[in-house]
Amino acid sequence: ELGCGAGQAAVAFARMGARTIAVDSSPEMLAAARRRAESATVGIDFRLGDLSELAFVPAESIDLVFCGATIDYVEDLGRVLRSVHRVLRPSGAFVFSLEHPIALCLETGPGGPALVRSYADPSPVKVERHGEAFLVYPRTLSDVVATLARAGFRVEALAEPAGTDSRVPAATVWRTRKDGR
C-alpha cells in the first residue's frame, strides 16, 4: 500500500492473508500503522519513504498496489506510476483513488456549491485534512488516462462515487492493469 496512513487498508490486506508492504512519508502515520498492525497481530513490512521510491522492491514482484486518497498530494504522478509499473508483475493491478477534479473546482458556501476555479487549471489547491494543510494537484480525467497510458497501464474500471453533495462526485476510483505488451 502506498501512502498507508494509519494502516487501516494495510491491516485489512494482511488479515486476508496478503504479504503486505506499507509505505508512508510520515513517521507519525507509520507509528500509528505499526500500532494498528500489532493490535491486529498481523505482520506488515513498513517503510518510511516517498511513494515513487520503491527501489527496495524487486522488479515484477508485486501482484497488487493499492493507494487510497494519497496520490493527490504527489506533484509528479508519472514518476509514481513508473515506479509502480516496475514493481508489478505482468498484468498486475494498480488500484487508486483521486479527488474528483470537479469537486476541486467548487467551494461550498451558504447558497450551496459555487464554481471557483477552472476544471483545466493544474495549479495546486490548498486543502485542510484532519487539521493539517495539504497541497492537492488537480488532474483532469483525460490527463490521468494519458499519464497512465504513458506509464504502461490500461484502465479497467473507473468509478465516480458521489460526495456529501450528491450532485458532485467526491472522488475517482481507478482499477488499472500493467499492460502485458
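Enquirer: Would you explain the overall build of the chain in this entry?
Expert: On a plain count of helices and strands, the chain comes out with four helices and 10 strands. Taking 181 residues into account, the globule formula puts the C-alpha radius of gyration at 16 Å, and the chain, at 17 Å, falls close to it. Expressed along its principal axes, the backbone C-alpha trace of the chain runs to roughly 50 × 40 × 25 Å. Across the chain, contacts joining residues at least 24 apart in sequence account for 63% of those joining residues at least 6 apart. Taken as a whole, the chain presents about 9,800 Å² of accessible surface, with 53% of it coming from carbon and sulfur.

Enquirer: Looking at this structure, I do not really get the nonpolar core. What am I missing?
Expert: Soluble globular proteins: nonpolar side chains tend toward being buried together. Of all hydrophobic cores here, the largest spans 25 residues; its most connected members are Leu2, Val65, Val84, Phe94, Phe96 and Phe153. Elements with a contribution of two residues or more to this core: β1 (20–24), β3 (62–67), α3 (77–87), β4 (88–99) and α4 (141–150). Sort the elements by how many residues they give to this core and α3 lands first, with five residues. The contacts of valine 84, once residues within four sequence positions are left out, are Leu2, Leu54, Val65, Phe94 and Phe153. Membership of the second largest hydrophobic core comes to 12 residues, among which are Val11, Leu30, Ala37 and Phe46.

Enquirer: Before we go on, may I ask you to explain empty space enclosed by the protein in this structure?
Expert: In this approach, a probe sized like a water molecule rolls over the atoms, and the result shows the empty space that is left. By the definition in use, this model includes one cavity of 30 Å³ or more. Reported here for the largest cavity is a volume of approximately 40 Å³. As for the largest cavity, its lining consists of Asp72, Leu98, Glu99, Pro101, Leu104, Tyr137, Pro138 and Arg139. Partitioned by chemical class, the residues of the lining of the largest cavity number five nonpolar, no polar and three charged.

Enquirer: Would you explain the packing of aromatic side chains in this entry?
Expert: The geometry of two aromatic rings is summed up by the distance between their centres and the angle between their planes. What the rule picks out here adds up to five aromatic pairs. The interplanar angle of 75° and the centroid separation of 5.5 Å between the aromatic rings of phenylalanine 13 and phenylalanine 66 together place this pair among those described as edge-to-face. Of this pair, phenylalanine 13 sits in helix α1 (residues 8–15) while phenylalanine 66 is found in strand β3, placing the two residues 53 residues apart along the sequence. Phenylalanine 13 gets classed as partly exposed once you look at its relative accessible area, which sits at 22%. Classification of phenylalanine 66 as partly exposed rests on a relative accessible area of 23%.

Enquirer: Explain the sheet that holds strand β10 (residues 171–178) to me, please; I cannot follow it from the model alone.
Expert: Each strand in a sheet pairs with its neighbour through backbone hydrogen bonds, running either in the same direction (parallel) or in the opposite one (antiparallel). Taken together, four strands build an open sheet; the order of strands is β3-β4-β10-β9 and the sheet is mixed. At either end of the open sheet lies a strand with only one pairing partner, and these are β3 and β9 (153–159). The mean inter-strand angle of the sheet, taken between neighbouring strand axes irrespective of direction, is 15°. Judged from the five bridges that link them, β3 and β4 form a sheet pairing that is parallel.

Enquirer: Which parts of the structure should I look at to understand the side chain of arginine 139?
Expert: Within the secondary structure, arginine 139 is located in the loop between β8 (132–136) and α4. As a buried residue without a salt bridge, arginine 139 has its nearest oppositely charged side chain in aspartate 72, at a separation of 5.3 Å. Contact partners of arginine 139, with chain neighbours within four places excluded, come to Ile71, Asp72, Val74, Glu75, Asp76, Leu77, Leu98, Pro101 and Val144.

Enquirer: Looking at this structure, I do not really get α1. What am I missing?
Expert: Side chains of residues three or four places apart in an α-helix project in the same direction, reflecting 3.6 residues per turn. Every buried residue of α1 is accounted for by Ala10, Val11 and Ala14. Projected down its long axis, α1 shows its buried positions confined to an angular sector of 95°, all on one face. If you follow the buried residues of α1, they end up packed against β1, α2 (27–40) and β2 (44–48). Where α1 terminates, the next one or two residues include glycine 17, which has phi positive at roughly 100°.

Enquirer: Got a minute to help me understand the pattern of salt bridges in this structure?
Expert: One side chain can pair with another of opposite charge once the charged atoms of both are near each other. One pass over the structure, following the stated rule, counts nine salt bridges. In this structure, arginine 79 engages glutamate 53 in a salt bridge whose closest nitrogen and oxygen atoms are separated by 3.5 Å. Here glutamate 53 lies in the loop between β2 and β3 and arginine 79 lies in helix α3, a separation of 26 residues in the sequence. Residue arginine 154 pairs with aspartate 179 through a salt bridge whose shortest N-O separation is 3.4 Å. Of this pair, arginine 154 sits in strand β9 while aspartate 179 sits in the segment after β10; the two residues are 25 residues apart in sequence, bridging distant segments of the chain. Residue arginine 154 is classed as partly exposed on the basis of its relative accessible area of 34%. You can call aspartate 179 buried: its relative accessible area is 18%. A single network of salt bridges, built from pairs that share partners, joins Glu156, Arg175 and Arg177.

Cut-offs used in this document
- Residues numbered from 1 in each chain as written.
- Predicted model: local features only at pLDDT ≥ 70, side-chain atom pairs only at ≥ 80, totals over all residues.
- Heavy atoms only, no water.
- Helix = DSSP H or I, 4+ residues; strand = E, 2+ residues; numbered from the N terminus.
- Rg over C-alpha atoms; globule rule 2.2 N^0.38 Å.
- Contact = heavy atoms within 4.5 Å.
- Areas by Shrake-Rupley, 256 points an atom, 1.4 Å probe, with all protein chains shown as cover.
- Core = buried A, V, L, I, M, F, W, Y, C linked by side-chain atoms within 4.5 Å.
- Buried < 20%, exposed > 50% of the residue type's maximum accessible area, 1.4 Å probe, protein only.
- 1 Å grid on protein atoms, 1.4 Å probe; cavity = no way out; pocket = protein on both sides within 12 Å on 5 of 7 lines; lining within 4 Å.
- Points joined across faces, edges and corners; volume = space filled by probe spheres on them.
- Nonpolar A, V, L, I, M, F, W, Y, C, P; charged D, E, K, R; others polar.
- Phe/Tyr/Trp six-rings, centres within 6.5 Å; stacked < 30°, edge-to-face > 60°.
- Pairing = 2+ DSSP bridges.
- Axes fitted to C-alpha atoms, helices over the stretch in contact; angles between N-to-C directions.
- Lys, Arg positive; Asp, Glu negative; His and termini not counted.
- Salt bridge = Lys/Arg side-chain N within 4 Å of Asp/Glu carboxyl O.
- Arc of directions from axis to C-beta.

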